[in-house]
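# Residue-level structural notes
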Amino acid sequence: TSAVGGGELVRVHANGILDLRNGPKAVRWDEIESLTTVWSPDGKGVLRHVLRTQDGAQLSLGRSIAGVANLVDEIRVRMIDHSVPALRARIEAGGNLRFGAMGASDRGVSFGPRVFPWDEVRDIEADDEGQVVVRGEGGARLASARIDEVPNAFLLAELAHGRKRG
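Below or above, wherever it landed, is the structure these notes cover. (Residues numbered from 1 in each chain as written. Predicted model: local features only at pLDDT ≥ 70, side-chain atom pairs only at ≥ 80, totals over all residues. Heavy atoms only, no water.)

### Brief notes about the overall build of the chain
Definition in use: For helices the rule is a DSSP run of H or I covering at least 4 residues; for strands it is a run of E covering at least 2, with both sets numbered from the N terminus onward. Radius of gyration means the value over C-alpha atoms here, while the globule rule gives 2.2 Å times the residue count to the 0.38 power. The buried label goes to any residue with under 20% of its type's maximum accessible area, the exposed label to any with over 50%, and the partly exposed label to all in between, with areas taken from a 1.4 Å probe on protein chains only. Only heavy atoms matter for contacts: two residues are in contact if any of them lie within 4.5 Å across the pair. Per-residue and other accessible areas follow the Shrake-Rupley method at a 1.4 Å probe size, with only the shown protein chains counted as cover for residues.
Of the regular secondary structure elements, the chain holds two helices and 14 strands. A compact globule built from 166 residues should have a C-alpha radius of gyration of about 15 Å, and the chain, at 16 Å, falls within 12% of that. Projected onto its principal axes, the C-alpha coordinates of the chain cover approximately 45 × 35 × 25 Å. Counting across all 166 residues of the chain, residues that qualify as buried make up 42%. A separation of at least 24 residues holds for 41% of the contacts in the chain among residues at least 6 apart in sequence. Accessible surface, the chain as shown: approximately 8,700 Å² in total, 47% of it carbon and sulfur.

Next up, the structure:
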């Protein structure tokens, strides 16, 4: 998979991505720290996505890359496949995971001092106003935070989804 636009090229490979925009930069899946969505200041959608690596490098994935939405979807799928099993194991071992303004532990999803038990969390999703929303049974809004304040929000959503299946 590759995305090209305005001379910008980013390729997805089995082991990671290759960014050819400013000289080649290869990033393996196990080197990715986070993928964060940045909402447009005018509130009209996604401005860009910021991929951060464990060594502190940042790659901005924005509209100048044709097909950026497909590229980001593919990166998310690969990150879920690579990261979720280890994240689940950390939770099962009693660990607390941070996703910026939100967190996850064996007790449930946390937001500030509140913890919402897993069996009360129906789902976690990004809405069309740039918020990550934790919903309870019946669709009640339990908590929300700006999407750019919740790095790897999609991984948190996958963890919640997995808890409902399990």
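Moving on from the model shown.
### Here's the deal with the nonpolar core
As a reminder of what qualifies: Within this scheme, the nonpolar core is defined by two criteria: the residues are buried Ala, Val, Leu, Ile, Met, Phe, Trp, Tyr or Cys, and they are joined through side-chain atoms within 4.5 Å.
Among the nonpolar cores identified, the biggest contains 41 residues, and I17, L51, L61, I75, F99, I124 and L159 are the most heavily contacted of them. Ranked by residue count, the leading element in this core is helix α1 (residues 68-92), at eight residues. The contact partners of I124, leaving out residues within four places of it in the chain, are V109, V132, V133, V134, L156, A157 and A160.

### A closer look at the sheet that holds strand β10 (residues 108-111)
The condition that has to hold: Here, any two strands with at least 2 DSSP bridges between them count as paired. Fitted lines through C-alpha atoms give the axes, limited to the stretch in contact for helices. The angle between two N-to-C directions lies from 0 to 180 degrees.
Pairing in this open sheet of four strands is antiparallel, and the strands run β8-β9-β10-β11 from one edge to the other. Because the sheet does not close on itself, it has two edges, and the strands there are β8 (97-99) and β11 (114-117). The mean inter-strand angle of the sheet, taken between neighbouring strand axes irrespective of direction, is 25 degrees. Bridge count between β10 and β11: four bridges; the pairing is antiparallel. When the sheet's bridge partners are listed, S110 is paired in β11 with V115.

### Regarding the environment of S64
Tracing the chain through its elements places S64 in the loop between β7 (58-62) and α1. Since its relative accessible area comes to 42%, S64 is described here as partly exposed. Expressed as a C-alpha distance, the spacing of S64 and R48, which sit 16 residues apart in the sequence, is 9.4 Å.

### Focus on the sheet that holds strand β14 (residues 141-146)
Taken together, the three strands give an open sheet; going across it, the order is β12-β13-β14, and neighbouring strands pair in antiparallel fashion. Two strands close off the open sheet at either side, each with one partner strand: β12 (121-126) and β14. Each strand axis lies, on average, 15 degrees off the axis of its neighbour in the sheet, ignoring direction. The pairing of β12 with strand β13 (residues 131-136) spans five bridges and is antiparallel. Across the sheet, I124 pairs through a bridge with V134, a residue of β13.

### With respect to the side chain of D127
Note the following rule: N or O atoms closer than or at 3.5 Å make up a polar contact, with two conditions inside protein: a donor-capable atom paired with an acceptor-capable one, and, for residues adjacent in sequence, both atoms drawn from side chains.
Relative to the elements of secondary structure, D127 occurs in the loop between β12 and β13. On the basis of relative accessible area, D127 is assigned to the buried category, the value being 15%. Only 2.8 Å separates the side chain of D127 from the backbone nitrogen of E129, close enough to count as a polar contact. Only 3.2 Å separates the side chain of D127 from the backbone nitrogen of G130, close enough to count as a polar contact. Every residue in contact with D127, bar those within four places of it in the chain, is listed here: W39, V133 and R141.

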